Amino acid sequence: MPGTTFQLTAGVAAKQLSAEAELSAALLRSGVKVVIPAANTGLVYYGYADTVTAATGCHIPNGVPFTINPGELPTNSSGQPDLTGLWFISDTAAQIVTGVVE
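Everything numeric here is computed off the predicted structure, so don't read it as measured data. (Residues numbered from 1 in each chain as written. Predicted model: local features only at pLDDT ≥ 70, side-chain atom pairs only at ≥ 80, totals over all residues. Heavy atoms only, no water.)

Strand order in the open sheet made by the 4 strands is β2-β7-β4-β5, with antiparallel pairing throughout. The sheet is open, and its two borders are formed by β2 (15–16) and β5 (58–60), each paired with just one other strand. Where strand β4 (residues 44–47) lies against strand β7 (residues 87–90), 4 bridges are found, and the strand directions are antiparallel. Bridging across to β7, V44 finds its partner in S90. (Pairing = 2+ DSSP bridges. Helix = DSSP H or I, 4+ residues; strand = E, 2+ residues; numbered from the N terminus.)

Encoded structure:
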């Protein structure tokens, strides 16, 4: 079964992945696979709270497919990985993040 694709624009303020409308009912099974376009001019990072910054987040290399393992995510009350705990930020405004939740 294919996953749910998404695209978001990361900027200098943290953006929650689950805020993307297409992910409202997405089920997380094998991870969040992301690709930062090579054409992006800034660096994109991810973290697990709205307080993530470029200094504290995990860098995602431009142009390289990258998987965020569900085991890294915070869990919900049922003990399942929770997409609401995944946030993106960039050191530059308007950086594209594309991916799929599988």
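Having put the structure on the table, let's press on.
Aromatic ring pairs: the centre-centre distance and the angle between the two ring planes describe each pair. Enumeration according to the criterion identifies 2 aromatic pairs in this entry. A ring pair is formed by Y46 and Y48, whose centres lie 5.9 Å apart and whose planes are at 80°; its orientation type is edge-to-face. Residue class for Y46 comes out buried when judged on its relative accessible area of 4%. A network of ring pairs unites the aromatic residues Y46, Y48 and F66 as a single cluster. (Phe/Tyr/Trp six-rings, centres within 6.5 Å; stacked < 30°, edge-to-face > 60°. Buried < 20%, exposed > 50% of the residue type's maximum accessible area, 1.4 Å probe, protein only.)

Here the focus is the sheet that holds strand β1 (residues 4–10). Spatially, β1-β8-β3-β6 is the arrangement adopted by the 4 strands of the open sheet, whose pairing is antiparallel. Each edge of the open sheet carries a strand with a single partner, namely β1 and β6 (66–68). Geometrically, the sheet is characterised by an average inter-axis angle of 30° between neighbouring strands, direction not taken into account. Sheet topology note: the β1/strand β8 (residues 95–101) ladder contains 7 bridges and is antiparallel. In the strand pairing of β8, A10 is matched with Q95. (Axes fitted to C-alpha atoms, helices over the stretch in contact; angles between N-to-C directions.)

Another aspect to go through is the pattern of salt bridges. Tallying each qualifying case throughout the model produces 1 salt bridge. K33 is the salt-bridge partner of E102, the closest N and O atoms lying 2.7 Å from each other. Of this pair, E102 sits in the segment after β8 while K33 sits in strand β3 (residues 32–35), and the two are 69 residues apart along the sequence. (Salt bridge = Lys/Arg side-chain N within 4 Å of Asp/Glu carboxyl O.)

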